[in-house]
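So you can see what is in the structure, the chains are spelled out below.
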Amino acid sequence: MSIEQESVLANPTSVFEALVPSEYTLLSAIRNTSMADAVEPCTEWFTCPRGFRCVPQRKLSAFCLSPCHSTFCQNDGICIHRKGQDPACQCPVGRDFWYMGPACDYRMTHHRLAAIACAVVFCIIICAAAAVFFLVRRFQTQILQQKVAQTQS
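No experiment lies behind these values; they were computed from the predicted model shown.

Rules used in this analysis
- Residues numbered from 1 in each chain as written.
- Predicted model: local features only at pLDDT ≥ 70, side-chain atom pairs only at ≥ 80, totals over all residues.
- Heavy atoms only, no water.
- Helix = DSSP H or I, 4+ residues; strand = E, 2+ residues; numbered from the N terminus.
- Buried < 20%, exposed > 50% of the residue type's maximum accessible area, 1.4 Å probe, protein only.
- Contact = heavy atoms within 4.5 Å.
- Areas by Shrake-Rupley, 256 points an atom, 1.4 Å probe, with all protein chains shown as cover.
- Pairing = 2+ DSSP bridges.
- pLDDT = per-residue confidence, 0-100.
- Disulfide = S-S within 2.5 Å.

### Details of the overall build of the protein
- For the protein, the helix and strand inventory stands at five helices and six strands.
- Its helices and strands in sequence order give the protein the pattern α-α-α-α-β-β-β-β-β-β-α, from N to C terminus.
- Relative to its 153 residues, the protein shows a buried fraction of 14%.
- A sequence separation of at least 24 residues applies to 22% of the contacts in the protein between residues at least 6 apart.
- Entry remark: accessible area of the protein is about 12200 Å², with carbon and sulfur atoms responsible for 60%.

### Concerning unusual backbone geometry
- Phi is positive for asparagine 75, which is not a glycine, with a value near 55 degrees.
- As for its placement among the helices and strands, asparagine 75 is situated in the loop between β2 (62-65) and β3 (78-80).
- With a relative accessible area of 33%, asparagine 75 lands in the partly exposed category.

### Examining the pairing of strand β6 (residues 106-109)
- By the bridge criterion, four bridges tie strand β5 (residues 97-100) to β6 in an arrangement that is antiparallel. What sits directly across from tryptophan 98, in β6, is methionine 108.
- The hairpin formed by β5 and β6 contains five residues between the paired strands, and glycine 101 there has a positive phi angle of roughly 105 degrees.

### Things to note about the confidence of the model for the protein
- Looking at the protein, the pLDDT average stands at 78 and 74% of residues meet or exceed 70.
- When the criterion is pLDDT under 50, residues 18-33 qualifies, and its contacts beyond four places in sequence or with other chains add up to nine contacts.

### Re the state of the cysteines
- This structure, assessed with the given rule, holds four disulfides.
- Sulfur-sulfur distance for the disulfide between cysteine 48 and cysteine 64 comes to 2.2 Å. Here the disulfide of cysteine 48 and cysteine 64 is left-handed, its torsion about the S-S bond being about -90 degrees. Linking cysteine 48 in the loop between α4 (41-44) and β1 (53-56) with cysteine 64 in strand β2, this pair joins segments that are 16 residues apart in sequence.
- In this structure cysteine 48 comes out as buried when scored by relative accessible area, which is 18%.
- Each disulfide pairs two cysteine sulfurs, and for cysteine 73 the partner residue is cysteine 89, the sulfurs being separated by 2.0 Å. When the S-S torsion is -95 degrees, as for the bridge of cysteine 73 with cysteine 89, the disulfide is left-handed. Placement of cysteine 73 in the loop between β2 and β3 and of cysteine 89 in strand β4 (residues 88-90) is noted, with a sequence separation of 16 residues between them.
- Classification of cysteine 89 by relative accessible area gives buried; the value is 16%.
- The thiol sulfur of cysteine 127 is not disulfide-bonded, and the nearest other cysteine sulfur, from cysteine 123, lies at 6.5 Å.
- A relative accessible area of 55% means that cysteine 127 is categorised as exposed.

Right, here's the structure in full:
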């Protein structure tokens, strides 16, 4: 943006004040310059709060839009957008199911939760058994090495 354009934007009433003949060229140059081609309002002038996005409107105008205005929450979740925070969803809860995830997009049931818990316990048992197996083999090789060392001496 040129210095002349910045001065007019800083003090718009200066355009309407009494003009001396040398300033007529400045005024006509500003009127002939298309500011919309050079300036993107969302990147140059507007800053939206956290969690909002800037949406340009007509020439040199924009507004901030929350994700709650669209279909941010799924499965009848309620979108809550508190000041200074990202949007969050309050997910619905049924008798034997509930929704979870940042956008209420994952359905959880009691059976699925029990299966996940069993799988985690099973993995822990497998890891513990593998650790015990490797420790026993290690001690067995150490005992064999000690026996061999005793017979050689």
